[in-house]
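# Tertiary structure, described
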Amino acid sequence: MKFATEAALVTTLAAGQICAAQCSQPTPGARQAVSIEAHRVQRKVKLGSSVLLKVRMTNVSRHDISVWMENGSSENQYEVDVRGQKGKLSADTEYRETRNGHVHLEVLRLQDLIDSGSCVTLGRGKSIVQQVDVGKLYLFDTSGKYFIRVRRPDPESAGMVKSNLVSVTITASE
């Protein structure tokens, strides 16, 4: 029974998106409080180079809100979806596999999960802008066009807020 309780706690805390409820209790059916915009830093990227996005999360409500922000790099703040020209999901990097829960529980410390982030107040009309290195999460191992979208749960409605779709062209190294 103790193992089942610990496993449930680890599962709940391991996904930062679930922790968003720690800041405020979402109300199903509530209006969306944030919007997300994503923009590529570079139109064309050489194979093997970093694929960078500038992501802006804006409070579109009429009041201050609390948002859960993970500690560490900006890649931890959003769920990122990357697809090739034919719509096929790109392969995960080892870093992303670990982030997605493909970690051995015996090496996971509960304290690491408890201290994984904190609530941040985002004022009415204010934004948080971050640079996300998508190459840390997905393999861009072939030339071509890729389509990227980020998302995260809304802190008030609990619905998923999606960014616009961003296209990036990966070119062969010369």
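Note: the structure precedes this text.
The notes below deal with the structure included here. (Residues numbered from 1 in each chain as written. Predicted model: local features only at pLDDT ≥ 70, side-chain atom pairs only at ≥ 80, totals over all residues. Heavy atoms only, no water.)

### Section: the overall build of the protein
In terms of helices and strands, the protein carries four helices and ten strands. Order of helices (α) and strands (β) in the protein, N terminus to C terminus: α-α-β-β-β-β-β-α-α-β-β-β-β-β. Counting only residues that meet the buried cut, the protein has 36% of its 174 residues in that class. Relative to all contacts within the protein whose residues are 6 or more apart in sequence, the contacts with residues 24 or more apart total 75%. Surface accessibility of the protein: about 10,300 Å² in total, with carbon and sulfur atoms responsible for 51%. (Helix = DSSP H or I, 4+ residues; strand = E, 2+ residues; numbered from the N terminus. Buried < 20%, exposed > 50% of the residue type's maximum accessible area, 1.4 Å probe, protein only. Contact = heavy atoms within 4.5 Å. Areas by Shrake-Rupley, 256 points an atom, 1.4 Å probe, with all protein chains shown as cover.)

### Quick notes on the pattern of salt bridges
All chains considered together, the criterion is met by two salt bridges. Here E79 makes a salt bridge to R151, at a shortest N to O gap of 3.0 Å. Of this pair, E79 sits in strand β5 (residues 79–84) while R151 sits in strand β8 (residues 144–153), placing them 72 residues apart in sequence. (Salt bridge = Lys/Arg side-chain N within 4 Å of Asp/Glu carboxyl O.)

### Things to note about the environment of S167
With respect to the helices and strands, the residue S167 is situated in strand β10 (residues 166–171). Since its relative accessible area comes to 21%, S167 is described here as partly exposed. Separated by 83 residues in the primary sequence, S167 and G84 have C-alpha atoms spaced 9.6 Å apart. If we skip the residues at most four places from it in the chain, S167 touches R40, K145, Y146 and F147.

### A short note on the nonpolar core
Soluble, globular proteins show a tendency: their nonpolar side chains are buried together. With 29 residues, the main nonpolar core has V134, F140 and I148 as its most contacted residues. For this core, the secondary structure elements donating two or more residues are β1 (34–40), β3 (52–59), β4 (65–70), β5, β7 (127–133), β8 and β10. Residues in contact with V134, not counting those within four places in the same chain, are V51, L53, V80, V82, F140 and I148. (Core = buried A, V, L, I, M, F, W, Y, C linked by side-chain atoms within 4.5 Å.)

### What about the sheet that holds β7?
In space, the three strands of this open sheet follow the order β1-β3-β7, with antiparallel pairing throughout. Taken across any chain shown, the strands that pair with only one partner, and hence form the sheet edges, are β1 and β7. Across the sheet, the mean angle from the axis of one strand to that of its neighbour is 20 degrees, orientation sign disregarded. By the bridge criterion, seven bridges tie β3 to β7 in an arrangement that is antiparallel. Counted as the bridge partner of R56 is V129 from β7. (Pairing = 2+ DSSP bridges. Axes fitted to C-alpha atoms, helices over the stretch in contact; angles between N-to-C directions.)

### A word on unusual backbone geometry
If you check the backbone angles, A158 has positive phi at about 70 degrees while not being a glycine. Residue placement: A158 occurs in the loop between β8 and β9 (160–162). Owing to a relative accessible area of 43%, A158 belongs among the partly exposed residues under this scheme.

### So, the state of the cysteines
Taken as a whole and assessed by the stated rule, the structure comprises one disulfide. Two residues, C23 and C119, share a disulfide whose sulfurs are 2.2 Å apart. Here the S-S torsion is close to -105 degrees, and the disulfide linking C23 with C119 is therefore left-handed. In this pair, C23 sits in the loop between α2 (16–19) and β1 while C119 sits in strand β6 (residues 117–122), placing the two residues 96 residues apart along the sequence. Since its relative accessible area comes to 38%, C119 is described here as partly exposed. (Disulfide = S-S within 2.5 Å.)

### Description of the pairing of β3
Of all eight residues in β3, six are buried, a share of seventy percent or more. Relative to β3, β1 runs antiparallel, the two sharing seven bridges. Opposite A38, over in β3, you have V55 as the bridge partner.

Function cannot be inferred from these measures alone, as they are strictly geometric.
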